[in-house]
Each structure stands twice: as C-alpha cells, then as structure tokens.
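Remarks on the overall topology
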Amino acid sequence: SCNAFTNYRSLQLTSNDYERKSSWNALFCQLLGMNCATPTDFCFSFKGFCRRGGDTDVHDSGWGMAFYNGQGIRQFHDTEAAATSEIASFLGNISIQTLNMMAHIRYPTHGEVNLANVHPFSREMWGINWVFSHNGDIPMFKCDDGNLPLIGSESKNSTDEKRQQSYFPVGNTDSEALFCAILNALKEKFDTLPSLPILHGTLQDLLNEVVDDSPQSTILNCLISCGPHVLFVYSWPGSRAGSSVWNGLHYTVREYPFGKCRLQDLDYEIDFGKITDQNDRVAIIATKPLTKDEEWTELNRGELILFDEGVPHKSPASCVEVELQGHGLHSKVLEHLPIQEDMKRYRLKTSFYEDGGGI
C-alpha cells in the first residue's frame, strides 16, 4: 500500500496546524478493526494506529472508537488529532478487553470537522447496537439536501414512507448517510431476525447496489458490527482521479504459535508468545498494514468478510457455523427463527450457500 505522502514530518507548522499537501495525495480516512476469540486488549494496535492521526500521516481531523462490552458498547469521539489526544493516549495505555472493536481516524472529504461527523456511528435497531465506520467516497450519498437515497428492493417498492425512513444522519457525511440507508433497508426487509448467512448475503447485495450506482468513482471500505461477536468488513478499493494513493483494506490473523510483532508507525515491539495461549486468536483489520513482521492480506474488490473469533468467513455458507455457535443476532424485539426455517423462508438451499452466492 502507498503512504499518504513521502515525508510528513517535513511539513511546516503554521498557527499550530499542519499545512497539508493536496487531499488528492492522501488517504481519505483510516480504519482499524479487531475481532477476537477471547477478551483481548487493543493497546498495541491502537497505539500504532493513533500515530497516523497527525504524526506519521495526515489524518488529524478527529478520531473515534467503539467496542462491545456484552451487548452494550462504549464509545469515544474526539475532534483532536489522535496522535496528540489525551483521551486516545489514555485508552492506549490501559488494558480494556473486548471481543469486538473498531476505530477511525479522519481526513475529511465531505462534512465539517465536528463531533457529529466523527466515526464510528452507532444506532439501535431491533434492540441491538449497530456500529459503522467507513473510508472512501460515495457519490450516491452526497445528499446535503436531506433527501436520503433508498437502497434495497423492499425500501424502493414500499409505499409507506414512514417505514422507509426510520434512520437519518445527525452530521453531514456520506458515511453516516450510507449507514442509515443500510439500516433502513434491513428494517424494511426483515420482520424476523435474520440469521448470519441471510444477513451476509443481504449486506453484500446492498453494498454492491451502492457501488453499482457509480463504480468508477465510488470507494467504499467499511466495518459493520451488530453485537459482541461478529464484525463485517467490506472493500471496494480505489484511488482518486489523478492520484496513485490506494484506498483499500487489509487484515492479518494473529494466532498460536505467537511471536514478536513490531509496529510500522512506532518503535514498539511485543512478544505475544509470552502473554497469550493456544485459545487466543485476533484478527486485525486496517487500511494499511500496522506491523512490519506479519503477513497481511488485502480484501478483494467487492469482497465481504464476516469475522468471528478472529476467523474470516467469506461466504454465506461459512456463516452457518457461526450462527449455530450462537454468535448471530440476539434480540427481545423480533422473533429469531431456527436457521433452517430462515433459509426456507427466503427459498435458499444449502447448495446455494455452498456456491458462495448472494441473496
């Protein structure tokens, strides 16, 4: 992956702010996600990630984090640069353990610098906390006039406008507008709680629909979580016109036997072999690889991966096992059908999942 620019530290300071190079030569924003088999603290990865928020990279227009504690979430948002934020420093130096987290550092291309526009965004739907972060540019959702586009066939075909528009953005980013549109589409489609295979296929279709609206100019990398266990990761990577800077998503799975890891953005190393055991496993998702000595895999264009217990699941078929483990959606609001009935209701056969199809 490409650095946002070659020598960030050489920039001159004026009025305590960085004189940035053209935004056409920088990554939009950057994402960090962690999904774990056992409760794990995020200090190591978060420390390195924060250096990119105004120290080793240009993303100094705010940062945010959300992580699950059971069905609840803890959220932190700040308009200060992550590299100098006292809140970020505090979180990077205490051992808070979680199974599922995401963080975001911002370099704005749409929307002002204020707390309302800082990712991750969260909403309650079906008695479940949903959390979302995005990196990229979505022409379909540059909707400053307040008219939120509808996605999903159920929303488009519905005549009940109140049902179509249950969620609206608070800020004015295309990212939050997309998140609200996804939730509106899911709420319109389902009157029982979807199983993970059904949800995977539906999200794949919705995100593909957004990309298909303007595939050449859309860059859509996002993290979506819907509970303490699973993290959906989608990538439609790309570069701005006239720029060679690539905006994508990468992941690595850290598991037994563990070894030493050194951060890319900070002179800091940990020997995980001394503090972990065979039950531990962590998937790290980042816009650019965070470490020097681990193998990172870039998501394919249009790929949607569900992470559970640090394991990537790349098709609806592989999500069946996760659902059967009890790591799917849990709600007191909607009925949760057995997975066999859920598949039957949507007229999907096991062979369909085995082929890796969508819905």
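Look above for the structure.
Just so it is clear, the model here is predicted, and its values are computed rather than measured.

What counts as what
- Residues numbered from 1 in each chain as written.
- Predicted model: local features only at pLDDT ≥ 70, side-chain atom pairs only at ≥ 80, totals over all residues.
- Heavy atoms only, no water.
- Pairing = 2+ DSSP bridges.
- Helix = DSSP H or I, 4+ residues; strand = E, 2+ residues; numbered from the N terminus.
- Axes fitted to C-alpha atoms, helices over the stretch in contact; angles between N-to-C directions.
- Contact = heavy atoms within 4.5 Å.
- Left-handed = near helix turned anticlockwise from the far one by under 90°.
- Nonpolar A, V, L, I, M, F, W, Y, C, P; charged D, E, K, R; others polar.
- Expected span 1.5 Å × (residues − 1).
- Buried < 20%, exposed > 50% of the residue type's maximum accessible area, 1.4 Å probe, protein only.
- Core = buried A, V, L, I, M, F, W, Y, C linked by side-chain atoms within 4.5 Å.
- Salt bridge = Lys/Arg side-chain N within 4 Å of Asp/Glu carboxyl O.

1. Quick look at the sheet that holds strand β14 (residues 281-286)
- Overall, antiparallel pairing links the 7 strands, which are arranged β5-β4-β6-β3-β14-β11-β15 in an open sheet. With one partner strand each, in any of the chains shown, β5 (72-78) and β15 (297-298) form the two edges of the open sheet.
- Pairing geometry for strand β4 (residues 63-69) and β5, over 7 bridges, is antiparallel. Within β5, the position partnered with Tyr68 by the bridge is Ile73.

2. Thoughts on the sheet that holds strand β16 (residues 303-308)
- Reading across the sheet, the 6 strands line up as β7-β8-β9-β10-β16-β17 and stay open at both edges, with antiparallel pairing between neighbours. Each edge of the open sheet is held by one strand with a lone partner, namely β7 (121-125) and β17 (311-313). Each strand of the sheet is rotated relative to its neighbour by a mean of 25°, with strand direction disregarded.
- Where β16 meets β17, 3 bridges bridge the pair, whose relative direction is antiparallel. Paired with Leu306 across the bridge in β17 is His313.
- The strands touched by helix α6 (residues 196-213) within the sheet are β8 (128-137), β9 (219-225), β10 (230-236), β16 and β17, with β10 carrying the most contacts at an inclination of about 25°.

3. Looking at the packing of α6 against helix α7 (residues 316-324)
- Look at α6 against α7: their axes get within 7 Å of each other, and the N-to-C directions meet at 145°. As α6 packs across α7, the resulting crossing turns out to be right-handed. Contacts between α6 and α7 involve Leu196, Pro197, His200 and Gly201 from the former and Pro316, Cys319, Val320, Val322 and Glu323 from the latter.
- The residue inventory of the contact of α6 with α7, partitioned by class, reads 6 nonpolar, 2 polar and 1 charged.

4. Some points on helix α5 (residues 174-189)
- The terminal C-alpha atoms of α5 lie 23 Å apart, and with 16 residues this matches the ideal 22 Å at 1.5 Å per residue to within 8%.
- Judged by how many residues are buried, α5 sits mostly within the fold: 14 of 16 residues are covered.

5. Observations regarding the pairing of β14
- Most of β14 is tucked away, with 5 of its 6 residues classed as buried.
- Summarising the sheet, strand β3 (residues 30-41) and β14 pair through 5 bridges and their orientation is antiparallel. Among the inter-strand pairings, Cys36 is bridged to a residue of β14, identified as Val282.
- In terms of strand pairing, strand β11 (residues 250-255) meets β14 through 6 bridges, oriented antiparallel. Each bridged residue has a counterpart across the sheet, and for Thr252 the counterpart in β14 is Ile284.

6. A look at the nonpolar core
- Core analysis: the largest hydrophobic core is formed by 47 residues, its most contacted members being Trp126, Trp130, Phe141, Ile182, Leu186, Leu220 and Phe232.
- The set of elements that each furnish at least two residues to this core consists of β7, β8, α5, α6, β9, β10, β16 and α7.
- If you tally residues by element for this core, the top one is α5, at 9 residues.
- Among the nonpolar cores identified, the runner-up in size contains 22 residues, and Leu32, Cys36, Phe42 and Val282 belong to it.

7. As for the pattern of salt bridges
- Tallied over the entire structure, the rule returns 11 salt bridges.
- Between Arg51 and Asp55 there is a salt bridge; the shortest N-O distance is 3.0 Å.
- Judged by its relative accessible area of 15%, Asp55 falls in the buried class.
- Here Asp265 and Arg52 are joined by a salt bridge, their closest N and O atoms 2.8 Å apart. With Asp265 in the loop between β12 (260-262) and β13 (269-271) and Arg52 in the loop between α1 (43-51) and β4, the pair connects residues that are 213 residues apart, well separated along the chain.
- Its relative accessible area of 2% is what places Arg52 among the buried residues.
- Among the charged side chains, a network of salt bridges with common partners joins Arg262, Asp267 and Glu269.

Just distances and angles here, no functional claims.
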